[in-house]
Amino acid sequence: MGHNVAVFQQYPFTVGQKIRIEGKRRRGDWEVAAISEKTVTLRCPISHKEFEWNRFCYLVNEEIDAVWPQKD
């Protein structure tokens, strides 16, 4: 008998890509500023501050013609 299995893959970021992260720690709109084999650098579109993190995201949904950045 088969099982329900959730399969995850690391997302293939591209520099300049506009993304939205939902969740607590890194929540918000970001632009991909740089990518390495192990890290991704994200830039806040409001403050322009950049943060480098270990690659972590997985694609859940893509929105077409979405408002970015969102105003809370």
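Look above for the structure.
1. A word on the sheet that holds strand S3 (residues 39–43)
Each strand in a sheet pairs with its neighbour through backbone hydrogen bonds, running either in the same direction (parallel) or in the opposite one (antiparallel).
(1) Moving on: On the basis of which strands lie adjacent, the open sheet formed by four strands has the order S1-S2-S3-S4 and antiparallel pairing. The two strands at the open ends of the sheet, each matched to only one other strand, are strand S1 (18–21) and strand S4 (50–54). Strand-to-strand, the axes of this sheet are offset by a mean angle of 45 degrees, without reference to chain direction.
(2) Moving on: Bridging between strand S2 (residues 28–35) and S3 involves four bridges; their strand directions are antiparallel. Across the sheet, residue Ala34 finds its bridge partner in S3, namely Thr41.

2. Focus on the pairing of S4
(1) Moving on: As paired strands, S3 and S4 are joined by five bridges and run antiparallel to one another. Bridging from a neighbouring strand, Thr39 pairs with Asn54 of S4.
(2) Moving on: Taking the residues between adjacent antiparallel strands as the criterion, S3 and S4 are bridged by six residues, where His48 takes a positive phi near 65 degrees.

Procedures and definitions
- Residues numbered from 1 in each chain as written.
- Predicted model: local features only at pLDDT ≥ 70, side-chain atom pairs only at ≥ 80, totals over all residues.
- Heavy atoms only, no water.
- Pairing = 2+ DSSP bridges.
- Helix = DSSP H or I, 4+ residues; strand = E, 2+ residues; numbered from the N terminus.
- Axes fitted to C-alpha atoms, helices over the stretch in contact; angles between N-to-C directions.

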